[in-house]
Amino acid sequence: MAWKILKLSLKAIYHNKLRSLLTMLGIIIGVMAVVILVSITQGAASGITDSISSMGSDQITVQITDDSVSLDEEDLESLSENRLIESVAPVISTSQTVKKNTETGTYSVYGVTADYFSTQDLAIQRGRLIQPSDVTYTTNVAIIGTDVATDLFDTWDAVGGTITVNDKIYKVIGVLEEQGSSLVGSNNSSILIPISSAAKLTGGSTVTSFYVKAASSDVVESAVNYLESYLYRLTRDEDAYSVNNSSDVLDTMDDVTSTMSLLLGGIAAISLIVGGIGIMNIMLVSVTERTKEIGIRKAIGAKRRHILTQFLCEACILSVLGGLIGLALSILAVNGYNSLTDSTAEINKSIAVAAILFCTVIGVGFGSYPAAKASKLQPIDALHTA
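The rules behind each value
Residues numbered from 1 in each chain as written. Predicted model: local features only at pLDDT ≥ 70, side-chain atom pairs only at ≥ 80, totals over all residues. Heavy atoms only, no water. Helix = DSSP H or I, 4+ residues; strand = E, 2+ residues; numbered from the N terminus. Buried < 20%, exposed > 50% of the residue type's maximum accessible area, 1.4 Å probe, protein only. Contact = heavy atoms within 4.5 Å. Salt bridge = Lys/Arg side-chain N within 4 Å of Asp/Glu carboxyl O. Core = buried A, V, L, I, M, F, W, Y, C linked by side-chain atoms within 4.5 Å. Axes fitted to C-alpha atoms, helices over the stretch in contact; angles between N-to-C directions. Parallel < 35°, antiparallel > 145°, perpendicular 65-115°, else oblique. Left-handed = near helix turned anticlockwise from the far one by under 90°. Nonpolar A, V, L, I, M, F, W, Y, C, P; charged D, E, K, R; others polar. Phe/Tyr/Trp six-rings, centres within 6.5 Å; stacked < 30°, edge-to-face > 60°. Patch = residues over 30% accessible without salt bridge, like charges linked within 9 Å, V, L, I, M, F, W, Y side chains within 5 Å. Areas by Shrake-Rupley, 256 points an atom, 1.4 Å probe, with all protein chains shown as cover. Polar contact = N/O pair within 3.5 Å; in protein donor to acceptor, adjacent residues only side chain to side chain. Pairing = 2+ DSSP bridges. Expected span 1.5 Å × (residues − 1). Disulfide = S-S within 2.5 Å.

Visitor: Can you walk me through the overall build of the protein chain in this structure?
Guide: Within the protein chain, the secondary structure is distributed over 13 helices and ten strands. Each of the 386 residues in the protein chain was classed as buried or not, and the buried ones make up 44%. Taking contacts inside the protein chain between residues at least 6 apart in sequence as the whole, the part at least 24 apart equals 78%.

And the structure:
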């Protein structure tokens, strides 16, 4: 009997192909909206998370947020003596107009120490790193990012060349490895010079930020607590600075991603509900059109549950089939998006399964009333109406 009811349901849907397709369209669009939006959001978040994770779990970033607070290298020297901390890299940052012959551009210039590269896990592809002697003797040398090299030298092979920063000539001693763009930024458009040269360039030695590498990933939390205590003793203002490590950022990213996925999924699910209303509407029309069929079937012995099951089955088939079509189109859409944007978004299997299950619930929920209405028709009334 179940197989017969299924065949009758499929036959009824097939005989009204265009109407059935238009009915499923709301479900198709709803499933595509849910799956595509959540997949792209989670893919983007995954890329950002990977970028943050690559920074290392033992790295701590300190930003001085109050312009009235003035810290210099000497204020930070004792930090590296603590057993919790492996190295400290103070930074003086500024934005400067940089020239190379007729080429001109505005770039971020960072004054750094020799420890900056190991603390930040930065590497160069050409040349050498800034040495302690460069800081001691305030030498005018620079390490540039790949974008700077391309803009000013038309090539990454810029070692040995010179650039002019605020009327001072700097010799390029290295080119950084290319980094991908991300939420945490990259050094492709940066210029790194000795911190003493940056102090001379800006006319001040105020440290705007500094990076700390913990002795190990196991003591990061203790190192953060020590840094906060140390900075409070220096500034007497807990709002004058912020101390973060990649674990904190990752936790925040997880929370944001989860919230965004729920928000987008909820908004997109409205389309599924609208699609369910469309199914109910069409099933009610179908009941009206098929009153004669219902009357004849009941007259020859079909029970109420048989009519109820058939119409409920039709509603579920429309809903689930629409969901499966929407899922297939979502896979094609996400693959196309990845090809066009070089992204790594993937269909979330849990979301896909949840969407199909939701389609089943919609089919049952919105198909129940029309099915119940059809099953309650009396044979004589149905035949008389027809």
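Visitor: Would you take a moment to explain the pattern of salt bridges for this structure?
Guide: Opposite charge on two side chains permits pairing when their charged atoms draw close. Applying the stated criterion across every chain yields a total of two salt bridges. Here lysine 213 ties to aspartate 121 by a salt bridge, and the two come within 3.4 Å at their closest N and O atoms. Pair noted here: lysine 213 is in strand E9 (residues 209–214) and aspartate 121 is in the loop between helix H4 (116–120) and strand E4 (124–127), with a separation of 92 residues, a long-range link. Under the relative-accessibility criterion, lysine 213 is labelled buried at 13%. Put simply, aspartate 134 and arginine 128 hold a salt bridge, and the shortest N to O gap is 2.9 Å. Residue aspartate 134 is classed as buried on the basis of its relative accessible area of 5%.

Visitor: Help me out: how do you make sense of the nonpolar core in this one?
Guide: Here is a general trend for soluble globular proteins: nonpolar side chains tend to be buried in one another's company. Within the largest apolar cluster, 37 residues are counted, with the highest numbers of intra-cluster contacts made by Tyr116, Phe117, Ile143, Ile144, Ile163, Ile191 and Ile193. With residues near it in sequence (within four places) discarded, isoleucine 144 still touches Ala149, Phe153, Ala158, Ile163, Val172, Gly174, Val175, Leu176, Ser190 and Ile191. If you look at the next biggest cluster of nonpolar residues, it comprises 28 residues, including Ile13, Met24, Ile28 and Phe366.

Visitor: Whenever I open this one, the packing of helix H11 (residues 304–341) against helix H12 (residues 349–375) confuses me. Can you help?
Guide: The description of two helices packed together rests on the angle between their axes and the distance between the axes. Where H11 contacts H12, the axes come no closer than 7 Å and their chain directions differ by 150°. Compared by their axis directions, H11 and H12 come out roughly antiparallel. Here H11 runs over H12; the crossing is right-handed. Here the contact of H11 with H12 is built from residues that sort into 17 nonpolar, seven polar and one charged.

Visitor: Before we go on, may I ask you to explain the packing of helix H10 (residues 291–299) against H11 in this structure?
Guide: Interhelical geometry of H10 versus H11 gives an angle of 145° and a closest axis separation of 10 Å. Every pair of crossing elements has a handedness; the one defined by H10 and H11 is right-handed. Of the residues in H11, those touching H10 at Glu293, Ile294, Arg297 and Lys298 are Arg304, His306, Ile307, Gln310 and Phe311. In the contact of H10 with H11, the residues fall into three nonpolar, two polar and four charged.

Visitor: What is the right way to read the packing of aromatic side chains from this model?
Guide: Geometry of an aromatic ring pair is reported as the spacing of the ring centres plus the angle between the planes. Following the criterion strictly, the structure yields three aromatic pairs and no others. With 5.7 Å between their ring centres and 90° between their planes, tyrosine 116 and phenylalanine 117 make a pair best called edge-to-face. Exposure remark for phenylalanine 117: the relative accessible area of 2% places this residue in the buried category. Centre to centre, the rings of tyrosine 226 and tyrosine 230 are 6.2 Å apart; their planes meet at 35°, and the pair counts as tilted.

Visitor: When you look at helix H7 (residues 195–202) in this model, what are you seeing that I'm missing?
Guide: Side chains three or four residues apart in an α-helix point the same way, a direct result of the helix having 3.6 residues per turn. With respect to burial, H7 is a largely interior element, six of its eight residues being buried. All of the buried residues along H7 are Ile195, Ser196, Ser197, Ala198, Ala199 and Leu201. Count one or two residues on from H7 and you reach glycine 203, which has phi positive near 80°.

Visitor: Teacher, can you tell me more about a nonpolar patch on the surface here?
Guide: Residues Leu321, Leu324, Ile325, Leu329 and Leu332 make up a contiguous nonpolar surface patch of about 410 Å² in total accessible area. Under the relative-accessibility criterion, leucine 321 is labelled partly exposed at 37%.

Visitor: I'm lost on the side chain of glutamine 59 in this one. Help?
Guide: The topology assignment puts glutamine 59 in strand E1 (residues 59–64). A polar atom in the side chain of glutamine 59 sits 3.1 Å from the backbone oxygen of threonine 119.

Visitor: It is not clear to me how the pairing of strand E8 (residues 190–194) should be interpreted in this structure. Could you clarify?
Guide: When a strand is regular, its side chains alternate between the sheet's two faces. Across the five residues that make up E8, a large majority, five, are buried. Of the strand pairs in this sheet, strand E3 (residues 103–112) and E8 are connected by five bridges, and their pairing is parallel. Counterpart to glycine 111 in the pairing with E8 is isoleucine 193. Pairing geometry for strand E5 (residues 141–144) and E8, over two bridges, is antiparallel. Considered in E8, the bridge of isoleucine 144 is made with isoleucine 191.

Visitor: What's the story with H11 in this structure? I'm lost.
Guide: Relative to the 56 Å expected for 38 residues at 1.5 Å per residue, H11 spans 55 Å between its end C-alpha atoms, a close match to the ideal helical length. Immediately beyond the C-terminal end of H11, within one or two residues, lies aspartate 342, with a positive phi of roughly 55°.

Visitor: I tried to follow unusual backbone geometry on my own but got confused; where do I start?
Guide: Excluding glycine, a negative phi dihedral is what most residues carry, and trans is how most peptide bonds are arranged. Not every positive phi belongs to a glycine, and aspartate 154 is a case in point at roughly 60°. Mapping aspartate 154 onto the fold places it in the loop between helix H6 (146–153) and strand E6 (162–165). A relative accessible area of 65% means that aspartate 154 is categorised as exposed.

Visitor: Any chance you could explain the environment of glycine 161 here in plain terms?
Guide: As for its placement among the helices and strands, glycine 161 is situated in the loop between H6 and E6. When the C-alpha atoms of glycine 161 and alanine 142 are compared, they prove to be 10.0 Å apart, with 19 residues separating the residues in sequence. Ignoring sequence-local partners within four residues, the contact set of glycine 161 consists of Phe153, Tyr170, Lys171 and Val172.

Visitor: What is the right way to look at the state of the cysteines in this model?
Guide: In protein chemistry, a disulfide is the covalent bond that joins the sulfur atoms of two cysteines. Going through the model one piece at a time under the given rule, you end up with zero disulfides. In this model cysteine 316 remains outside any disulfide bridge; the closest cysteine sulfur is found in cysteine 313, 6.9 Å from its own.

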